[in-house]
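Chain residues, written in single-letter form:
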Amino acid sequence: LLDTNQDGKIDFDEFRVCWHHWLKQVLAPVSALLIIDVQNDFIDGSLAIRHCPAGQEGAEVVPTINYLLDTVQFHVVVYSLDWHPPDHISFVENVCNREVHKTSKVSAEEAKVMDTVVFAGPPLTPQMMWPAHCVQDTWGSQLHQDLKILKDGIIVNKGTFSDVDSYSAFWDNNKVSQTKLVQELSKRNVTDVYLCGLATDICVGLTAKHALEHGFRTVLIEDACRGVAQSNIDKTKEELRALGAVIVDSSEVADMV
Ligand code: VGL
Ligand code: ZN
């Protein structure tokens, strides 16, 4: 599989790339469970998933995730938190305080939840509108009270800058800034990431996509996630499969790690 030089030696650079991309995954796998945004606002608060078209209780992920934490020996556990300042760009309540670009189909006056507004840049940012949610240091941004919190779990905040949203726990939506997540995983030699939490078709999905781009073996634990809209959940799963992700049930994970 590895090309050799004319003198029959393996090229070091090529070995290094192969090591990072798949030899390590076979010879020295290190697993991480990424628990995405299991926060009050997505469960009982302003963006509760039970009020969305897919209509299931966000809280249903909690016992499944606790079961995974109790029965599977992940090397690393990460809790991501949607962690917005009060003046965040995604809050529909803030539209009138921001400059909307002339190309925006929706004006500041008519903008409502789930409309896409284009804000003046740079960069021009099409932004889906949400009710205020997961404001830093409020009840809504706290992890669900029944979720098991490991004392050596790593907390990763995202969406912390006022002017850009961040569905993914890796990159912001403009792919300009990164959270500390990839650094935390890399320094622990993580090769395989397992994803669960809220919402399948938004934050879990985009985090999984970015995990694949970073070269992690990526596993979505389907029954440990809940989503917003069924058609988007299906689309997300199809996209992730095409990109090389594996989609499993929580009962299958113990045999994989
Ligand atoms: C999310 C909408 C806005 C999510 C975050 O965690 O899926 N959705 N911010
Ligand atoms: Zn958010």
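Each remark here, short or long, concerns the structure printed above.
Remember, predicted model here, so these are calculated numbers, not experimental data.

What counts and what doesn't
- Residues numbered from 1 in each chain as written.
- Chains lettered and ligands numbered in written order.
- Predicted model: local features only at pLDDT ≥ 70, side-chain atom pairs only at ≥ 80, totals over all residues.
- Heavy atoms only, no water.
- Disulfide = S-S within 2.5 Å.
- Buried < 20%, exposed > 50% of the residue type's maximum accessible area, 1.4 Å probe, protein only.
- Near = heavy atom within 4 Å.
- Polar contact = N/O pair within 3.5 Å; in protein donor to acceptor, adjacent residues only side chain to side chain.
- Areas by Shrake-Rupley, 256 points an atom, 1.4 Å probe, with all protein chains shown as cover.
- Helix = DSSP H or I, 4+ residues; strand = E, 2+ residues; numbered from the N terminus.
- Expected span 1.5 Å × (residues − 1).
- Arc of directions from axis to C-beta.
- Contact = heavy atoms within 4.5 Å.
- Donors = N, O, S within 2.8 Å, 3.2 Å for Na, K, Ca; no water.
- Patch = residues over 30% accessible without salt bridge, like charges linked within 9 Å, V, L, I, M, F, W, Y side chains within 5 Å.
- Salt bridge = Lys/Arg side-chain N within 4 Å of Asp/Glu carboxyl O.
- Pairing = 2+ DSSP bridges.

> Could you clarify how one ought to interpret the state of the cysteines in this entry?
Disulfides are covalent bonds that connect the sulfur atoms of two cysteines. The final tally for this structure, using the stated rule, is zero disulfides. As a non-bridged cysteine, Cys225 has Cys196 as the owner of its nearest cysteine sulfur, 6.3 Å distant. Owing to a relative accessible area of 4%, Cys225 belongs among the buried residues under this scheme.

> Just to check I follow, could you spell out the site of ligand 1 for this structure?
As a matter of local geometry, ligand 1 sits amid Asp37, Phe42, Leu47, Asp82, Trp130, His133, Leu198, Ala199, Ile202 and Cys203. His133 is positioned with one of its side-chain polar atoms (N or O) 3.1 Å from a nitrogen atom of ligand 1. The separation between an oxygen atom of ligand 1 and a polar main-chain atom of Cys203 is 3.5 Å. About the coverage of ligand 1: the protein hides 98% of its 260 Å² of free accessible area.

> How should helix α6 (residues 230-243) be read in this particular structure?
The first and last C-alpha atoms of α6 sit 20 Å apart over 14 residues, in line with the 20 Å expected at 1.5 Å per residue. Listed as buried for α6 are Ile233, Thr236, Lys237 and Leu240. One face of α6 carries all of its buried residues, which in axial projection span an arc of 95°. Residues of α6 that are exposed and point over 90 degrees away from its buried face: Ser231, Glu238 and Ala242. In this fold, the buried residues of α6 make contact with α5 (200-213), β7 (217-226) and β8 (246-248). Of the residues flanking the end of α6, it is Gly244, one or two places downstream, whose phi is positive at about 110°.

> Just checking my understanding: could you explain the environment of Glu239 for this structure?
As for its position among the elements, Glu239 is in helix α6. In this structure, the C-alpha to C-alpha distance between Glu239 and Gln183, residues 56 residues apart in sequence, is 25 Å.

> Sorry if this is basic, but what is going on with the coordination of the zinc ion (ligand 2) here?
Metal coordination angles in their ideal form are 109.5 degrees for the four-donor tetrahedron and 90 or 180 degrees for the six-donor octahedron. The protein atoms donating to the zinc ion (ligand 2) are Asp82 (OD), His84 (NE2) and His133 (NE2), with metal-donor distances spanning 2.1 to 2.2 Å. Of note, the zinc ion (ligand 2) draws all its donor residues from one chain, in the sequence arrangement D-x1-H-x48-H. One end of the pair, His84, is in the loop between β2 (76-82) and β3 (116-119); the other, His133, is in the loop between β4 (125-128) and β5 (154-158), and 49 residues separate them in sequence. Since its relative accessible area comes to 3%, His133 is described here as buried.

> Honestly, a nonpolar patch on the surface in this entry has me stumped. Any pointers?
On the surface, Ile10, Phe12 and Phe15 cluster together into a nonpolar patch covering about 310 Å² of accessible area. Here Phe12 shows up in helix α1 (residues 12-27).

> Explanation requested: the pairing of β2 in the structure shown.
Within a regular strand, the side chains alternate between the two sheet faces. Among the seven residues that make up β2, seven are buried, leaving the element largely enclosed by the rest of the structure. Neither face of β2 is open: one carries Val76, Val78, Ser80 and Asp82, the other Val77, Tyr79 and Leu81, and all of them are buried. Here five bridges tie strand β1 (residues 31-36) to β2, and the two strands are oriented parallel to one another. The residue bridging Leu33 from the neighbouring strand is Val77, located in β2. In terms of strand pairing, β2 meets β5 through five bridges, oriented parallel. Residue pairing across strands places Asp82 opposite Lys158, the latter belonging to β5.

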